[in-house]
Amino acid sequence: MHLLRSILGELPGYLWSGWGAICSLLLLVAVWQLVSEHYGSLVLAQPLETLASFQQLWSNHTLPEALITTGRRALSGLFLALLLGTGLGLLAGISLTASMMSRPLVTVLLGMPPIAWLVLAMLWFGASDGTPVFTVFIATFPMVFIGALQGARTVDNQLNEMAQAMQLPKLMMLFDVYLPHIFSYLFPAWVAALGMSWKIVVMAELLANQDGVGASLAIARSHLDSAASMAWICAVVLLLLGIEYLFLEPIKRQVERWRVTDA
Amino acid sequence: MTHLAKKSYLTLKKVEHKFVRTQVLQNISFSLPTGKVYALVGPSGCGKTTLLHLCNGLLDLQDGVIENTFTNTASMFQQPRLLPWKTCLDNMTLGLKAKGWGKKDRNLKALKLATLVGLQPSDLEKFPHQLSGGMQSRVALARALLLEPDLLLLDEPFSALDIGLKTELYQLLLEQQTQRNLAVLMITHDLMEAVRLCDRILLMNSKPGCLAASFKLTRPAHLRDDAWVYQTTAELLQQPVVRKSFSLPALTNLDPVGSTTQEWSHMC
């Protein structure tokens, strides 16, 4: 509750600081305009054509429906990864043996390109929801796992001693000493996983599915419809920007207020 | 008053400690009663911190007896050790929270003490990283005092501060010590600090850590002026046992400082 009030209190100032970001994004749109004028609309649709296509896709409900389908897949894969990655990562972090054993495994998982997993997933799950969900899960799991592992391994022994000398009860040790520290590692990992999941799900759908943003992008490409392609791409990027800056960033600022150094 | 003021003791008898196979502490015995300030003085690595950790229960006792009849023991460490994600107020009241105090009560108590140790109410809302080292140490001191301890174990809590701040904080601590009749066991490697503050100085040798000598300072702490502190420190530094403990070279001049005060006595 306190957190919510604090977030709302700082929101106007935060939004106002967004003008700079909007300016640089508009500059990018200007460059886009120049490039498309130079190469022609078939290669790169003009921003206004893209906007028209976007409006049309929005009004005939193709876009919102596809976004919901894609979002559902991304979030289910991500949710699984957060749950298992956090749980297993913390467990591995508690035991030295487990963390030493799991490190190389996770490095292998991290190094494996998502497209390779996608090929396997297509063999296993075909054109069902399983393919994008699995690919998202397997690509984001190691990031979350490493974050949780690091968090659990680096708990400050000095603070631990202090808490022991103060005879803090077990529950307070958990909530006042361990969890805030672990969360400071976990939260960035979660945010990174969210961004990753959104990119992976579009890629998986493009190759494996009949519906969703990725599939629609594939259809637009096969029709050589540059305006629609750009419209889909813009939808994906705008949604991610929105989540990142309107939702996650304000939370992060509040949760990690204690880390900010006023230099 | 008198019938309530029962004497408590922290008594160590033949305490020994080993890390794997290295003997760290050997045959340590002393007894610290209510209202006295004892200093453990010795070179770095002589096992002072280990001894203190045995007293506050952070290490398990291997050999010997430690008897602590004080009801409330509080510790301060070399660093302030504040939780970085909690405001100073929440850091100060951590011990009270552990004892199940309500938020209102513990904040009220903390506010009263905060002014005594020189913290402004505006500082209390800040996070530790927003405060200077001296302020952080004040918070740590307040955190220890809030528990109303009758025994305070100090592991050079102000060693990272400049000499002015250090003196100020020790003054604060001593005021509280006399008011509350605290027993204090403090570690220091600064002999002058020990001479200024303590009733008794326990000198330790290293490898393995053992008590080499015990000096009893007879002048009451509030009557010790700078001249007396310098003189007494110099006198102690002439003692062969002190020079040996800190591996100081032998004296070239046989008696550089005349032993004029002699308000201390050498035992064991």
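This structure is a prediction, so every number in the text was calculated from the model and none was measured.

Peer 1: Account for the overall build of chain B, with residues named and values stated.
Peer 2: Across its full length, chain B holds ten helices and ten strands. Taken over C-alpha atoms, the radius of gyration comes to 19 Å for chain B, in line with the 18 Å a tight globule of 268 residues would show. Taken over the C-alpha atoms alone, chain B extends approximately 60 × 45 × 40 Å along its principal axes. Counting 30 positive and 23 negative side-chain charges, chain B places the centres of these two groups 5 Å from one another.

Peer 1: Account for the overall build of chain A, naming residues and giving values.
Peer 2: The helix and strand tally for chain A stands at eleven helices and zero strands. Along chain A, helices and strands appear, N-terminal first, in the series α-α-α-α-α-α-α-α-α-α-α. Reported as C-alpha extents along the three principal axes, the dimensions of chain A are approximately 70 × 50 × 30 Å. Sequence-distant contacts, at least 24 apart, represent 74% of the contacts inside chain A between residues at least 6 apart.

Peer 1: Can you tell me about the nonpolar core, naming the residues and giving the values?
Peer 2: Counting 70 residues, the largest nonpolar core has Leu168 of chain A together with Met92, Leu141, Leu152, Met186, Ile201 and Phe215 of chain B as the members making the most contacts within it. Examining the composition of this core, we find that seven residues originate from one element, helix 6 (residues 133-146) of chain B, more than from any other. In this structure, isoleucine 201 of chain B is in contact with Ala39, Val41, Ala194, Val195, Ala213, Ser214, Phe215, Leu217 and Leu236 of chain B, ignoring residues within four places of it in sequence.

Peer 1: Explain the confidence of the model for chain B to me, and be specific about the residues and the numbers.
Peer 2: For chain B, the mean per-residue pLDDT works out to 83, and 93% of the residues sit at or above 70. For this predicted complex, the interface score ipTM comes out at 0.77, alongside a pTM of 0.76.

Peer 1: Could you give me a rundown of the sheet that holds strand 4 (residues 63-68) of chain B, with the residues and numbers involved?
Peer 2: What links the strands of a sheet is backbone hydrogen bonding, and the strands pair in either a parallel or an antiparallel sense. Residue and element names in this part refer to chain B. Spatial ordering of the open sheet is given by 2-1-4, a layout of three strands whose pairing is antiparallel. Where the open sheet ends on each side, the last strands, each with one partner, are strand 2 (22-33) and strand 4. Across the sheet, the axes of successive neighbouring strands diverge by a mean angle of 15°, strand direction being ignored. Note: strand 1 (residues 9-19) against strand 4, five bridges, orientation antiparallel. Of the residues in strand 4, the one forming a bridge with lysine 13 is valine 65. Together, strand 1, strand 2 and strand 4 form the strand contacts of helix 1 (residues 48-55), whose direction differs from that of strand 1 by roughly 120°.

Peer 1: Before we move on, can you summarise the environment of valine 241 of chain B with the specific residues and values?
Peer 2: Residue and element names in this part refer to chain B. Summarising the element assignment, valine 241 is placed in helix 10 (residues 240-245). Between the C-alpha atoms of valine 241 and alanine 212, which are 29 residues apart in sequence, the distance is 7.2 Å. Apart from residues lying up to four places away in sequence, valine 241 is in contact with Leu203, Ala212, Ala213, Phe215 and His266.

Peer 1: A description of the side chain of threonine 34 of chain B should follow, citing residues and the corresponding values.
Peer 2: Mapped onto the elements, threonine 34 of chain B comes out in the loop between strand 2 and strand 3 (37-41). A polar contact of 2.8 Å, which involves the side chain of threonine 34 of chain B, links it to the backbone nitrogen of serine 8 of chain B.

Peer 1: With reference to specific residues and values, describe the interface of chain A and chain B.
Peer 2: Listed per partner, the contact involves 21 residues of chain A and 20 residues of chain B. A per-residue breakdown of the area chain A buries against chain B is headed by Met162, Met166 and Trp258 of chain A, which together make up 32% of the total. Linking chain A with chain B are three salt bridges, by the criterion used here. Residue lysine 86 of chain B pairs with aspartate 176 of chain A through a salt bridge whose shortest N-O separation is 3.3 Å. Summed over the shared surface of chain A and chain B, the number is five residue pairs in polar contact (both at pLDDT 80 or more).

Peer 1: Outline helix 9 (residues 170-208) of chain A, supporting the account with residue identities and numerical values.
Peer 2: Taking 1.5 Å of rise per residue, the 39 residues of helix 9 of chain A would be expected to cover 57 Å, yet its terminal C-alpha atoms sit only 49 Å apart, more than 12% below that figure. Its maximal kink placed at leucine 179 of chain A, helix 9 of chain A deviates by approximately 40°, while the proline proline 180 of chain A follows within four residues.

Peer 1: Can you explain the packing of aromatic side chains? Please cite residues and give values.
Peer 2: Residues and elements named next belong to chain A. Considering all chains together, one arrives at nine aromatic pairs over all chains under this definition. Their ring planes at 35° and their centres at 5.7 Å tell us that phenylalanine 141 and phenylalanine 145 sit as a pair that is tilted. Residue phenylalanine 141 and its partner phenylalanine 145 are located together in helix 7 (residues 130-153), separated by four residues, close to a single helical turn. Given the relative accessible area of 11%, phenylalanine 141 is considered buried. Relative accessible area serves as the criterion here: at 6%, phenylalanine 145 is assigned to the buried category. Seen in terms of ring centroids, phenylalanine 183 and phenylalanine 187 are 5.5 Å apart; in terms of plane orientation they differ by 40°. Their pairing is tilted. Remark: phenylalanine 187 and phenylalanine 183 occur in helix 9; sequence separation between them is four residues, near one turn of the helix.

About the thresholds
Here the residue numbers are simple positions, counted from 1 along each chain's written sequence. The naming scheme follows written order: chains are lettered A onward, ligands numbered 1 onward. Where local features are concerned, this predicted model is filtered to residues with pLDDT of at least 70; where side-chain atom pairs are given and counted, the filter is 80 or more; whole-chain, interface and lining totals use all residues. Water and hydrogen atoms play no part in the side-chain values, which are based on all heavy atoms of the structure. Helix numbers and strand numbers start at the N terminus; a helix is a DSSP run of H or I with at least 4 residues, a strand a run of E with at least 2. Computation of the radius of gyration draws on C-alpha atoms alone. For the globule rule, the value is 2.2 Å times the number of residues to the power 0.38. Neither His nor the chain ends contribute to the count of charged residues, in which Lys and Arg are positive and Asp and Glu negative. Taken as the charge centre is NZ of Lys, CZ of Arg, CG of Asp or CD of Glu, depending on the residue. It only takes one pair of heavy atoms within 4.5 Å for two residues to be counted as in contact. Residues enter a nonpolar core if they are buried and are Ala, Val, Leu, Ile, Met, Phe, Trp, Tyr or Cys, with the set joined through side-chain atoms within 4.5 Å. Burial here depends on accessible area, computed with a 1.4 Å probe over protein chains only, as a share of the maximum for the residue type. Under 20% is buried, over 50% is exposed, and the range in between is partly exposed. Every residue gets a pLDDT, meaning the predictor's confidence in that residue, from 0 to 100. A pair of strands is treated as paired once DSSP finds two or more bridges between them. Here the axes come from fitting lines to C-alpha atoms, over the contacting stretch only for helices, and the angles between their N-to-C directions go from 0 to 180 degrees. As used in this structure description, the phrase polar contact means that two N or O atoms lie within 3.5 Å; if the pair is within protein, one of them must be able to donate a hydrogen and the other to accept it, and residues adjacent in sequence are counted only when both atoms belong to side chains. We define buried area as the total accessible area lost by two parts upon association, computed with a 1.4 Å probe and summed across both. What makes a salt bridge here is a side-chain nitrogen of Lys or Arg within 4 Å of a carboxyl oxygen of Asp or Glu, nothing more. Given a helix with a known number of residues, its expected span is that number minus one, times 1.5 Å. Working definition for bend: take the seven residues up to and ending at a residue and the seven starting at it, fit an axis to each, and measure the angle between the axes. Only Phe, Tyr and Trp rings are paired, with Trp represented by its six-membered ring, and only when their centres lie within 6.5 Å; those with planes under 30 degrees apart are stacked, over 60 edge-to-face, the remainder tilted.

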